[in-house]
Amino acid sequence: MIGTLRKTDQGWMIEYMVDERTPIGHKSWWENLPLHPDDVRQINDDAKVFDNIEARIAAYPDVEFDIVNMGFGPDDNILTYAKLKKD
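What you are looking at is a predicted structure, and each value in this text was computed from that prediction instead of being measured.

**Student:** Can you break down the overall build of the chain residue by residue, with the values?
**Tutor:** Scanning the chain for helices and strands turns up 2 helices and 5 strands. Listing every helix and strand of the chain by position from the N terminus yields β-β-β-α-α-β-β. Projected onto the principal axes, the alpha-carbon positions of the chain cover approximately 50 × 35 × 25 Å. Among the 87 residues that make up the chain, the fraction classed as buried is 25%. Carbon and sulfur atoms make up 51% of the accessible area of the chain, which totals about 6,500 Å². When the 10 basic and 17 acidic side-chain charges of the chain are each reduced to a single mean position, those positions are 2 Å apart.

What follows is the structure in structure tokens.
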């Protein structure tokens, strides 16, 4: 999938378009997923090496990602993240 990586008040998020087609119609909407903790850690590590990593990401925010489930959270909700694909 392709989405847009952004830093928000809730942390790093990926915004992407959901496109659903059914026999009775078609609908689209925007969704946001939190970035996988491994990817957040990598961004934080990169920020120690590169100047202004947030501006670099903002210049090229479109990313490929997979949706991954990481088990259950404290309130029994499924923890779902956007995991960046590596080239």
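There's more to say after this.
**Student:** Break down the environment of Arg-41 for me, with residues and values.
**Tutor:** Its place among the elements puts Arg-41 in helix α1 (residues 37–49). Arg-41 sits in the partly exposed class, given a relative accessible area of 46%.

**Student:** How would you summarise unusual backbone geometry if you had to cite specific residues and measurements?
**Tutor:** Unlike most non-glycine residues, Asn-52 shows phi in positive territory, near 45°. Mapping Asn-52 onto the fold places it in the loop between α1 and α2 (53–59). Of the residues examined, Asn-52 reaches a relative accessible area of 54% and is grouped as exposed.

**Student:** For the pairing of strand β3 (residues 25–34), give the residues involved together with the corresponding values.
**Tutor:** The pairing of strand β2 (residues 11–22) with β3 spans 10 bridges and is classified as antiparallel. Residue pairing in the sheet places Asp-19 in a bridge with Ser-28 of β3. Here β2 folds back onto β3, and the loop between the two strands holds 2 residues.

**Student:** Summarise the sheet that holds β2; cite the residues concerned and give the values.
**Tutor:** Taken in spatial order, the 5 strands line up as β3-β2-β1-β4-β5 in an open sheet, and their pairing is antiparallel. A strand with exactly one partner marks an edge of an open sheet, and here the two such strands are β3 and β5 (78–84). For this sheet the average axis-to-axis angle between neighbouring strands, irrespective of direction, equals 40°. As paired strands, strand β1 (residues 2–8) and strand β4 (residues 62–72) are joined by 3 bridges and run antiparallel to one another. When the sheet's bridge partners are listed, Thr-4 is paired in β4 with Asp-62. Contacts from α1 reach β1, β2 and β5 within the one sheet, and its direction differs from that of β5 by about 45°.

**Student:** Outline the pairing of β1, listing residues and values.
**Tutor:** Relative to β2, β1 is paired through 5 bridges, and the arrangement is antiparallel. Bridge pairing in β2 places Thr-8 opposite Gly-11. The turn joining β1 and β2, which pair antiparallel and follow one another in sequence, is formed by 2 residues.

What counts and what doesn't
- Residues numbered from 1 in each chain as written.
- Predicted model: local features only at pLDDT ≥ 70, side-chain atom pairs only at ≥ 80, totals over all residues.
- Heavy atoms only, no water.
- Helix = DSSP H or I, 4+ residues; strand = E, 2+ residues; numbered from the N terminus.
- Buried < 20%, exposed > 50% of the residue type's maximum accessible area, 1.4 Å probe, protein only.
- Areas by Shrake-Rupley, 256 points an atom, 1.4 Å probe, with all protein chains shown as cover.
- Lys, Arg positive; Asp, Glu negative; His and termini not counted.
- Charge placed at Lys NZ, Arg CZ, Asp CG, Glu CD.
- Pairing = 2+ DSSP bridges.
- Axes fitted to C-alpha atoms, helices over the stretch in contact; angles between N-to-C directions.
- Contact = heavy atoms within 4.5 Å.

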